[in-house]
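Working through the structure, step by step
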Amino acid sequence: MIPMSDLQAQYKSIRREVEQAVIQVLSSGQYVLGREVEAFEAEFAAFCGAKHGIAVNSGTSALHLALLAADIGPGDEVITTPLTFVATASAIVSAGAIPVFADIDPLTLTLDPAKVEAAITSRTRAILPVHLYGQMADMDPLRFLANRFGLVIVEDACQAHGAEYFGQRAGSIGMAGCFSFYPGKNLGACGEGGLVTTNSDMAAERIRRLRDWGQSKRYHHLEKGFNYRMDAVQGAILRIKLQHLDEWTETRRALAQYYKQQLSGLASIALPLEAEGRRHVYHVFAIRLVERDALATRLDGAGIQTGLHYPIPVHLQPAYADLGYHRGDFPEAEAAARELLSLPIYPELSFEQVREVAGGVANSVHVDA
Ligand SMILES: *Cc1c(COP(=O)(O)O)cnc(C)c1O
(Lines give C-alpha, C1' and ligand atoms only; values in the text may rest on other atoms or scores of the structure.)
Protein backbone atom coordinates (compact mmCIF):
# COMPACT_ATOMS: atom_id res chain seq x y z
CA MET A 1 0.00 0.00 0.00
CA ILE A 2 1.46 3.36 -1.06
CA PRO A 3 -0.54 6.33 0.31
CA MET A 4 -0.83 9.85 -1.21
CA SER A 5 0.73 11.34 1.92
CA ASP A 6 2.35 10.17 5.15
CA LEU A 7 2.39 12.96 7.72
CA GLN A 8 3.34 10.61 10.56
CA ALA A 9 6.57 9.63 8.79
CA GLN A 10 7.69 13.27 8.75
CA TYR A 11 6.71 13.73 12.39
CA LYS A 12 8.76 10.71 13.41
CA SER A 13 11.84 12.12 11.67
CA ILE A 14 11.78 15.37 13.72
CA ARG A 15 9.79 14.26 16.76
CA ARG A 16 12.27 15.25 19.45
CA GLU A 17 12.78 18.81 18.14
CA VAL A 18 9.06 19.39 17.64
CA GLU A 19 8.02 18.09 21.04
CA GLN A 20 10.64 20.22 22.79
CA ALA A 21 9.42 23.33 20.98
CA VAL A 22 5.77 22.59 21.79
CA ILE A 23 6.50 21.99 25.49
CA GLN A 24 8.36 25.29 25.61
CA VAL A 25 5.33 27.11 24.25
CA LEU A 26 2.98 25.30 26.63
CA SER A 27 5.04 26.34 29.63
CA SER A 28 5.48 29.91 28.37
CA GLY A 29 1.79 30.79 28.76
CA GLN A 30 2.00 32.79 25.49
CA TYR A 31 -0.36 30.90 23.18
CA VAL A 32 -1.31 33.33 20.41
CA LEU A 33 1.20 35.37 18.33
CA GLY A 34 4.19 36.31 20.54
CA ARG A 35 7.89 35.50 20.32
CA GLU A 36 7.78 32.24 18.35
CA VAL A 37 5.38 33.63 15.74
CA GLU A 38 7.44 36.82 15.34
CA ALA A 39 10.62 34.80 14.88
CA PHE A 40 8.91 32.57 12.32
CA GLU A 41 7.62 35.63 10.42
CA ALA A 42 11.14 37.02 10.10
CA GLU A 43 12.66 33.65 9.16
CA PHE A 44 10.04 32.80 6.55
CA ALA A 45 10.17 36.29 4.98
CA ALA A 46 13.95 35.91 4.67
CA PHE A 47 13.47 32.44 3.13
CA CYS A 48 11.23 34.04 0.47
CA GLY A 49 13.46 37.06 -0.11
CA ALA A 50 10.67 39.41 1.03
CA LYS A 51 10.89 42.31 3.48
CA HIS A 52 7.91 41.44 5.71
CA GLY A 53 6.08 38.31 6.82
CA ILE A 54 2.73 38.47 8.60
CA ALA A 55 1.54 35.16 10.04
CA VAL A 56 -2.16 34.32 9.99
CA ASN A 57 -4.39 31.32 10.67
CA SER A 58 -4.71 29.95 7.10
CA GLY A 59 -3.79 30.45 3.47
CA THR A 60 -7.35 31.57 2.81
CA SER A 61 -7.00 34.35 5.44
CA ALA A 62 -3.66 35.33 3.88
CA LEU A 63 -5.34 35.80 0.48
CA HIS A 64 -8.28 37.67 2.00
CA LEU A 65 -6.07 40.17 3.87
CA ALA A 66 -3.65 40.66 0.96
CA LEU A 67 -6.61 41.66 -1.25
CA LEU A 68 -8.00 44.01 1.43
CA ALA A 69 -4.56 45.60 1.86
CA ALA A 70 -4.57 46.26 -1.90
CA ASP A 71 -7.86 48.15 -1.34
CA ILE A 72 -9.81 45.63 -3.36
CA GLY A 73 -13.51 45.60 -2.60
CA PRO A 74 -17.06 45.69 -3.99
CA GLY A 75 -17.31 46.17 -7.76
CA ASP A 76 -13.65 45.32 -8.36
CA GLU A 77 -12.64 42.44 -10.62
CA VAL A 78 -9.75 40.12 -9.83
CA ILE A 79 -8.45 37.86 -12.62
CA THR A 80 -7.44 34.35 -11.60
CA THR A 81 -7.30 30.75 -12.84
CA PRO A 82 -10.22 28.31 -12.73
CA LEU A 83 -7.78 25.39 -12.18
CA THR A 84 -7.10 25.90 -8.47
CA PHE A 85 -8.35 25.00 -5.03
CA VAL A 86 -11.64 26.79 -4.33
CA ALA A 87 -10.02 28.99 -1.63
CA THR A 88 -8.48 31.25 -4.30
CA ALA A 89 -11.90 32.32 -5.63
CA SER A 90 -13.45 32.26 -2.16
CA ALA A 91 -10.95 34.84 -0.87
CA ILE A 92 -11.80 37.20 -3.75
CA VAL A 93 -15.50 36.93 -2.86
CA SER A 94 -14.70 37.45 0.85
CA ALA A 95 -13.01 40.73 -0.09
CA GLY A 96 -16.30 41.74 -1.77
CA ALA A 97 -14.82 41.56 -5.27
CA ILE A 98 -15.67 39.48 -8.37
CA PRO A 99 -13.50 36.56 -9.52
CA VAL A 100 -12.92 36.74 -13.29
CA PHE A 101 -11.37 33.60 -14.71
CA ALA A 102 -8.82 33.34 -17.52
CA ASP A 103 -7.72 30.06 -19.07
CA ILE A 104 -4.42 28.32 -18.36
CA ASP A 105 -1.37 27.57 -20.45
CA PRO A 106 -1.70 23.78 -21.01
CA LEU A 107 2.02 23.08 -20.53
CA THR A 108 2.58 24.76 -17.16
CA LEU A 109 -1.09 24.68 -16.02
CA THR A 110 -0.74 28.26 -14.76
CA LEU A 111 -2.45 31.47 -15.99
CA ASP A 112 -1.93 32.18 -19.69
CA PRO A 113 -0.88 35.86 -19.86
CA ALA A 114 -2.59 36.34 -23.26
CA LYS A 115 -5.89 35.11 -21.80
CA VAL A 116 -5.40 37.40 -18.80
CA GLU A 117 -4.94 40.40 -21.08
CA ALA A 118 -8.15 39.53 -22.94
CA ALA A 119 -10.06 39.41 -19.62
CA ILE A 120 -9.01 42.92 -18.47
CA THR A 121 -11.86 45.46 -18.21
CA SER A 122 -12.17 48.95 -16.73
CA ARG A 123 -13.11 47.31 -13.41
CA THR A 124 -10.07 44.98 -13.20
CA ARG A 125 -7.93 45.83 -10.18
CA ALA A 126 -5.72 42.80 -9.61
CA ILE A 127 -4.24 39.63 -11.06
CA LEU A 128 -4.09 36.61 -8.74
CA PRO A 129 -1.80 33.98 -10.30
CA VAL A 130 -1.68 30.57 -8.61
CA HIS A 131 1.71 28.83 -8.55
CA LEU A 132 -0.02 25.51 -9.19
CA TYR A 133 1.54 22.25 -7.96
CA GLY A 134 4.66 24.17 -6.86
CA GLN A 135 5.61 25.82 -10.17
CA MET A 136 5.46 29.60 -10.44
CA ALA A 137 3.22 31.24 -13.01
CA ASP A 138 4.85 33.15 -15.89
CA MET A 139 5.42 36.31 -13.85
CA ASP A 140 7.26 38.59 -16.34
CA PRO A 141 4.36 38.98 -18.81
CA LEU A 142 1.91 39.26 -15.89
CA ARG A 143 4.06 41.99 -14.35
CA PHE A 144 4.16 43.73 -17.72
CA LEU A 145 0.33 43.67 -17.90
CA ALA A 146 0.03 44.86 -14.30
CA ASN A 147 2.29 47.84 -15.01
CA ARG A 148 0.55 48.69 -18.26
CA PHE A 149 -2.97 48.57 -16.82
CA GLY A 150 -2.20 49.75 -13.25
CA LEU A 151 -3.08 46.45 -11.60
CA VAL A 152 -1.88 44.83 -8.40
CA ILE A 153 -0.43 41.30 -8.37
CA VAL A 154 -1.19 39.03 -5.42
CA GLU A 155 0.54 35.63 -5.62
CA ASP A 156 -1.28 32.51 -4.43
CA ALA A 157 1.87 30.72 -3.30
CA CYS A 158 0.00 28.24 -1.08
CA GLN A 159 1.60 25.31 -2.98
CA ALA A 160 4.93 26.97 -3.77
CA HIS A 161 7.16 27.42 -0.68
CA GLY A 162 10.66 27.98 -2.08
CA ALA A 163 9.65 27.86 -5.77
CA GLU A 164 11.61 30.22 -8.04
CA TYR A 165 11.13 32.20 -11.24
CA PHE A 166 14.46 33.19 -12.79
CA GLY A 167 16.04 33.29 -9.33
CA GLN A 168 13.20 35.16 -7.60
CA ARG A 169 11.28 33.26 -4.97
CA ALA A 170 7.53 32.84 -4.74
CA GLY A 171 6.14 35.59 -2.55
CA SER A 172 8.80 38.16 -3.49
CA ILE A 173 7.46 39.38 -6.86
CA GLY A 174 3.86 40.51 -6.37
CA MET A 175 2.58 43.21 -4.02
CA ALA A 176 1.95 40.27 -1.69
CA GLY A 177 2.53 36.52 -1.57
CA CYS A 178 0.11 34.24 0.23
CA PHE A 179 1.18 30.95 1.83
CA SER A 180 -0.67 28.10 3.51
CA PHE A 181 0.78 25.81 6.16
CA TYR A 182 -2.07 23.32 6.07
CA PRO A 183 -0.53 19.98 7.22
CA GLY A 184 -0.22 18.51 3.71
CA LYS A 185 1.57 21.52 2.16
CA ASN A 186 5.34 21.45 1.52
CA LEU A 187 5.76 23.34 4.81
CA GLY A 188 2.93 22.11 7.02
CA ALA A 189 1.88 23.00 10.56
CA CYS A 190 0.27 20.54 12.99
CA GLY A 191 -2.99 22.38 12.44
CA GLU A 192 -3.93 25.43 10.37
CA GLY A 193 -1.63 28.30 9.42
CA GLY A 194 -0.81 30.87 6.76
CA LEU A 195 1.37 33.89 6.05
CA VAL A 196 1.52 36.96 3.82
CA THR A 197 4.84 38.20 2.46
CA THR A 198 5.22 41.74 1.16
CA ASN A 199 7.91 44.31 0.42
CA SER A 200 5.50 47.16 1.17
CA ASP A 201 5.74 48.70 4.65
CA MET A 202 2.23 50.09 4.31
CA ALA A 203 0.66 46.78 3.28
CA ALA A 204 2.50 44.98 6.09
CA GLU A 205 1.17 47.40 8.69
CA ARG A 206 -2.36 47.12 7.34
CA ILE A 207 -2.32 43.29 7.23
CA ARG A 208 -0.90 43.13 10.76
CA ARG A 209 -3.76 45.32 11.95
CA LEU A 210 -6.48 43.47 10.02
CA ARG A 211 -5.47 40.03 11.36
CA ASP A 212 -5.96 41.29 14.92
CA TRP A 213 -9.35 43.03 14.91
CA GLY A 214 -8.11 46.16 13.16
CA GLN A 215 -6.43 47.32 16.37
CA SER A 216 -3.70 49.96 16.28
CA LYS A 217 -3.23 49.27 19.99
CA ARG A 218 -5.29 47.30 22.45
CA TYR A 219 -9.03 48.16 22.20
CA HIS A 220 -8.38 50.95 19.67
CA HIS A 221 -9.98 49.73 16.45
CA LEU A 222 -8.94 51.82 13.44
CA GLU A 223 -10.94 49.64 11.04
CA LYS A 224 -13.05 46.51 11.04
CA GLY A 225 -10.75 43.53 11.28
CA PHE A 226 -10.74 39.79 11.93
CA ASN A 227 -9.39 37.17 14.30
CA TYR A 228 -6.85 35.67 11.86
CA ARG A 229 -3.96 35.31 14.32
CA MET A 230 -1.49 32.42 14.28
CA ASP A 231 -1.11 30.15 17.35
CA ALA A 232 2.26 30.15 19.12
CA VAL A 233 2.39 26.32 18.95
CA GLN A 234 2.13 26.45 15.15
CA GLY A 235 4.75 29.22 14.96
CA ALA A 236 7.19 27.14 17.03
CA ILE A 237 6.59 23.99 14.97
CA LEU A 238 6.92 25.87 11.67
CA ARG A 239 10.27 27.33 12.80
CA ILE A 240 11.60 23.82 13.32
CA LYS A 241 10.24 22.54 10.03
CA LEU A 242 11.52 25.55 8.06
CA GLN A 243 15.06 24.43 8.94
CA HIS A 244 14.40 21.17 7.04
CA LEU A 245 12.50 22.63 4.10
CA ASP A 246 15.41 23.02 1.65
CA GLU A 247 16.40 19.40 2.18
CA TRP A 248 12.79 18.21 1.81
CA THR A 249 12.39 20.24 -1.39
CA GLU A 250 15.56 18.77 -2.87
CA THR A 251 14.21 15.29 -2.11
CA ARG A 252 10.88 16.10 -3.81
CA ARG A 253 12.79 17.33 -6.86
CA ALA A 254 14.93 14.19 -6.96
CA LEU A 255 11.84 11.96 -6.64
CA ALA A 256 10.17 13.91 -9.48
CA GLN A 257 13.26 13.40 -11.66
CA TYR A 258 13.17 9.69 -10.92
CA TYR A 259 9.46 9.48 -11.81
CA LYS A 260 10.19 11.25 -15.10
CA GLN A 261 13.01 8.86 -15.89
CA GLN A 262 10.87 5.82 -15.04
CA LEU A 263 7.83 7.02 -17.02
CA SER A 264 9.60 8.55 -20.02
CA GLY A 265 8.90 5.64 -22.38
CA LEU A 266 5.09 5.82 -22.13
CA ALA A 267 3.75 7.57 -25.22
CA SER A 268 0.18 8.04 -23.92
CA ILE A 269 1.35 9.91 -20.81
CA ALA A 270 2.46 13.55 -20.56
CA LEU A 271 4.85 14.31 -17.72
CA PRO A 272 5.02 17.52 -15.67
CA LEU A 273 7.08 20.21 -17.34
CA GLU A 274 9.54 22.40 -15.46
CA ALA A 275 9.51 25.55 -17.59
CA GLU A 276 12.64 27.56 -18.36
CA GLY A 277 14.01 29.52 -15.41
CA ARG A 278 11.71 27.90 -12.85
CA ARG A 279 12.43 25.89 -9.76
CA HIS A 280 9.45 23.56 -9.36
CA VAL A 281 8.97 22.37 -5.76
CA TYR A 282 6.59 19.51 -6.68
CA HIS A 283 3.87 19.94 -4.10
CA VAL A 284 1.98 17.76 -6.58
CA PHE A 285 3.39 15.46 -9.27
CA ALA A 286 0.60 15.06 -11.84
CA ILE A 287 0.80 13.04 -15.03
CA ARG A 288 -1.66 13.61 -17.83
CA LEU A 289 -3.51 11.06 -19.95
CA VAL A 290 -6.87 10.65 -21.68
CA GLU A 291 -7.70 7.37 -19.88
CA ARG A 292 -7.14 8.98 -16.48
CA ASP A 293 -10.01 7.39 -14.55
CA ALA A 294 -9.23 3.84 -15.74
CA LEU A 295 -5.61 4.23 -14.63
CA ALA A 296 -6.65 5.57 -11.20
CA THR A 297 -8.95 2.57 -10.69
CA ARG A 298 -6.23 0.07 -11.67
CA LEU A 299 -3.63 1.72 -9.44
CA ASP A 300 -6.08 1.72 -6.55
CA GLY A 301 -6.58 -2.01 -7.11
CA ALA A 302 -2.80 -2.43 -6.88
CA GLY A 303 -2.67 -0.58 -3.54
CA ILE A 304 -1.37 2.69 -5.01
CA GLN A 305 -3.29 5.81 -4.02
CA THR A 306 -3.64 8.72 -6.44
CA GLY A 307 -5.35 12.12 -6.28
CA LEU A 308 -7.19 14.62 -8.46
CA HIS A 309 -6.10 18.28 -8.33
CA TYR A 310 -8.75 19.34 -9.26
CA PRO A 311 -11.56 17.31 -10.86
CA ILE A 312 -13.96 20.27 -11.28
CA PRO A 313 -12.60 23.71 -12.23
CA VAL A 314 -13.96 26.50 -10.04
CA HIS A 315 -16.07 28.10 -12.80
CA LEU A 316 -18.11 24.84 -12.99
CA GLN A 317 -18.64 24.49 -9.23
CA PRO A 318 -22.29 24.91 -8.15
CA ALA A 319 -21.16 27.37 -5.45
CA TYR A 320 -19.91 29.74 -8.18
CA ALA A 321 -22.78 29.33 -10.65
CA ASP A 322 -23.79 32.94 -9.88
CA LEU A 323 -20.71 34.14 -11.78
CA GLY A 324 -22.43 32.97 -14.97
CA TYR A 325 -19.77 30.75 -16.53
CA HIS A 326 -20.51 27.64 -18.60
CA ARG A 327 -18.84 24.42 -19.70
CA GLY A 328 -16.61 25.26 -22.66
CA ASP A 329 -15.60 28.72 -21.36
CA PHE A 330 -12.07 27.56 -20.42
CA PRO A 331 -11.28 24.54 -22.59
CA GLU A 332 -7.67 24.14 -21.41
CA ALA A 333 -8.58 24.13 -17.71
CA GLU A 334 -11.50 21.78 -18.37
CA ALA A 335 -9.36 19.29 -20.31
CA ALA A 336 -6.67 19.42 -17.62
CA ALA A 337 -9.28 18.73 -14.92
CA ARG A 338 -10.37 15.61 -16.88
CA GLU A 339 -6.88 14.29 -17.63
CA LEU A 340 -4.54 15.06 -14.70
CA LEU A 341 -3.69 12.36 -12.17
CA SER A 342 -1.55 13.11 -9.12
CA LEU A 343 0.90 10.40 -8.03
CA PRO A 344 2.28 10.13 -4.49
CA ILE A 345 5.16 12.54 -3.80
CA TYR A 346 6.54 13.56 -0.39
CA PRO A 347 10.04 13.64 1.08
CA GLU A 348 9.56 10.41 3.03
CA LEU A 349 8.57 8.45 -0.10
CA SER A 350 11.41 6.12 -1.16
CA PHE A 351 12.91 5.75 -4.63
CA GLU A 352 11.85 2.11 -4.40
CA GLN A 353 8.23 3.20 -3.94
CA VAL A 354 8.50 5.57 -6.90
CA ARG A 355 9.70 2.63 -8.99
CA GLU A 356 6.71 0.62 -7.78
CA VAL A 357 4.23 3.36 -8.67
CA ALA A 358 5.84 3.87 -12.07
CA GLY A 359 5.73 0.12 -12.65
CA GLY A 360 2.02 0.11 -11.79
CA VAL A 361 1.41 2.94 -14.27
CA ALA A 362 3.38 1.17 -17.01
CA ASN A 363 1.54 -2.14 -16.47
CA SER A 364 -1.82 -0.46 -16.64
CA VAL A 365 -1.01 1.55 -19.76
CA HIS A 366 0.32 -1.54 -21.53
CA VAL A 367 -2.96 -3.38 -20.84
CA ASP A 368 -4.70 -0.58 -22.76
CA ALA A 369 -2.25 -0.69 -25.65
C1 LIG B 1 -4.18 25.15 0.26
C2 LIG B 1 -4.49 26.22 -0.72
C3 LIG B 1 -5.19 27.39 -0.34
C4 LIG B 1 -5.82 27.58 1.01
O5 LIG B 1 -5.01 27.43 2.10
P6 LIG B 1 -5.68 27.05 3.52
O7 LIG B 1 -4.53 27.15 4.47
O8 LIG B 1 -6.23 25.66 3.40
O9 LIG B 1 -6.74 28.05 3.80
C10 LIG B 1 -5.34 28.39 -1.28
N11 LIG B 1 -4.88 28.25 -2.54
C12 LIG B 1 -4.25 27.14 -2.95
C13 LIG B 1 -3.75 27.05 -4.36
C14 LIG B 1 -4.05 26.08 -2.05
O15 LIG B 1 -3.43 24.97 -2.47
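Before any of the text, the structure's been laid out above.
Residues numbered from 1 in each chain as written. Predicted model: local features only at pLDDT ≥ 70, side-chain atom pairs only at ≥ 80, totals over all residues. Heavy atoms only, no water.

What follows deals with the side chain of arginine 279. One can find arginine 279 in strand 12 (residues 278–279). There is a polar contact of 2.9 Å between the side chain of arginine 279 and the backbone oxygen of glycine 162. Within the structure, arginine 279 has its side chain in polar contact with the side chain of glutamate 250 (distance 2.8 Å). Excluding residues within four positions of it along the chain, arginine 279 makes contact with Gly134, Gly162, Ala163, Glu164, Arg169, Thr249, Glu250, Arg253 and Glu274. (Helix = DSSP H or I, 4+ residues; strand = E, 2+ residues; numbered from the N terminus. Polar contact = N/O pair within 3.5 Å; in protein donor to acceptor, adjacent residues only side chain to side chain. Contact = heavy atoms within 4.5 Å.)

On to the sheet that holds strand 1 (residues 52–56). One open sheet accounts for seven strands, arranged 1-9-8-5-4-2-3; its pairing is mixed. Edge strands, defined here as strands with exactly one partner in the open sheet, are strand 1 and strand 3 (98–101). Pairwise comparison of adjacent strand axes, ignoring direction, gives a mean angle of 25° for this sheet. Along the sheet, helix 3 (residues 35–48) contacts strand 1, strand 8 (176–180) and strand 9 (194–198); its crossing angle with strand 1, the most-contacted strand, is approximately 130°. (Pairing = 2+ DSSP bridges. Axes fitted to C-alpha atoms, helices over the stretch in contact; angles between N-to-C directions.)

A word on the sheet that holds strand 7 (residues 168–169). Taking strand neighbours across the sheet as the criterion, the three strands line up as 7-6-12 in an open arrangement whose pairing is antiparallel. Bordering the open sheet on either side are strand 7 and strand 12, each of which pairs with just one other strand. Looking at chain direction, strand 6 (residues 164–165) and strand 12 are connected through two bridges and run antiparallel. Along strand 12, the bridge assignment pairs tyrosine 165 with arginine 278.

One pass over the structure, following the stated rule, counts 14 aromatic pairs. Measuring from ring centre to ring centre gives 6.1 Å for phenylalanine 85 and tyrosine 310, while their planes differ by 40°; the resulting arrangement is tilted. A residue pair is termed long-range when its members are at least 10 positions apart, and phenylalanine 85 in the loop between strand 2 (77–80) and helix 5 (87–94) and tyrosine 310 in the loop between helix 10 (292–301) and helix 11 (331–339) qualify at 225 residues. On the basis of relative accessibility, which here comes to 46%, the residue phenylalanine 85 falls in the partly exposed class. For tyrosine 310, a relative accessible area of 16% gives the class buried. Relative to phenylalanine 285, the ring of tyrosine 282 has its centre 6.0 Å away and its plane inclined at 35°; by these criteria the two rings are tilted. (Phe/Tyr/Trp six-rings, centres within 6.5 Å; stacked < 30°, edge-to-face > 60°. Buried < 20%, exposed > 50% of the residue type's maximum accessible area, 1.4 Å probe, protein only.)

Moving on, we come to the pairing of strand 8. Across the five residues of strand 8, five count as buried, placing the element largely inside the fold. Taken together, the three bridges between strand 5 (residues 152–156) and strand 8 define a ladder with parallel strand orientation. Residue pairing in the sheet places aspartate 156 in a bridge with cysteine 178 of strand 8. Bridge count for strand 8 against strand 9 is four bridges, and the pairing is antiparallel. Within strand 9, the position partnered with serine 180 by the bridge is glycine 194.

Let us look at the packing of helix 3 against helix 9 (residues 232–263). Two elements in contact, helix 3 and helix 9, have axes separated by 8 Å at closest approach and are oriented at 30°. Here helix 9 runs roughly parallel to helix 3, going by the angle between their axes. Handedness of the crossing formed by helix 3 with helix 9: left-handed. Facing helix 3, whose interface residues are Arg35, Glu36, Val37, Ala39, Phe40, Glu43, Phe44 and Phe47, helix 9 presents Ala232, Gly235, Ala236, Leu238, Arg239, Leu242, Leu245 and Asp246. Of the residues belonging to the contact of helix 3 with helix 9, the class tally is ten nonpolar, one polar and five charged. (Parallel < 35°, antiparallel > 145°, perpendicular 65-115°, else oblique. Left-handed = near helix turned anticlockwise from the far one by under 90°. Nonpolar A, V, L, I, M, F, W, Y, C, P; charged D, E, K, R; others polar.)

Burial along strand 13 (residues 285–288) is two-sided: Phe285 and Ile287 and Ala286 and Arg288, pointing in opposite directions, are all buried. Two strands pair when backbone bridges link them, and strand 13 and strand 14 (residues 340–343) are joined in this way by four bridges, in the antiparallel orientation. The residue of strand 14 that forms the bridge with isoleucine 287 is leucine 341.

Among the surface-exposed residues, Leu26, Tyr31 and Val32 lie close enough to one another that they form a single nonpolar patch of about 270 Å² accessible area. Turning to its location among the elements, leucine 26 is positioned in helix 2 (residues 15–28). (Patch = residues over 30% accessible without salt bridge, like charges linked within 9 Å, V, L, I, M, F, W, Y side chains within 5 Å. Areas by Shrake-Rupley, 256 points an atom, 1.4 Å probe, with all protein chains shown as cover. Salt bridge = Lys/Arg side-chain N within 4 Å of Asp/Glu carboxyl O.)

Our next topic: unusual backbone geometry. The omega angle of the peptide bond from histidine 309 to tyrosine 310 is 10°, so this bond is cis rather than trans. A positive phi angle, close to 65°, is found at tyrosine 219, a residue other than glycine. Along the chain, the position of tyrosine 219 falls in the loop between strand 10 (215–217) and strand 11 (220–221).

Our focus in this paragraph is the layout of surface pockets. Here the largest pocket is characterised by a volume of approximately 720 Å³. Residue lining of the largest pocket: 38 residues in total, with Tyr182, Gly184, Lys185, His283 and His309 positioned closest to the centre. For the lining of the largest pocket, the elements supplying multiple residues, two or more each, are helix 1 (7–13), helix 4 (59–69) and helix 5. Across the lining of the largest pocket, the residue classes break down as 18 nonpolar, 14 polar and six charged. For the second largest pocket, the calculated volume is near 190 Å³. Forming the boundary of the second largest pocket are 15 residues, of which Leu107, Leu109, Leu271, Pro272 and Leu273 lie nearest the centre. For the lining of the second largest pocket, a count of residues per class yields eleven nonpolar, three polar and one charged. (1 Å grid on protein atoms, 1.4 Å probe; cavity = no way out; pocket = protein on both sides within 12 Å on 5 of 7 lines; lining within 4 Å. Points joined across faces, edges and corners; volume = space filled by probe spheres on them.)

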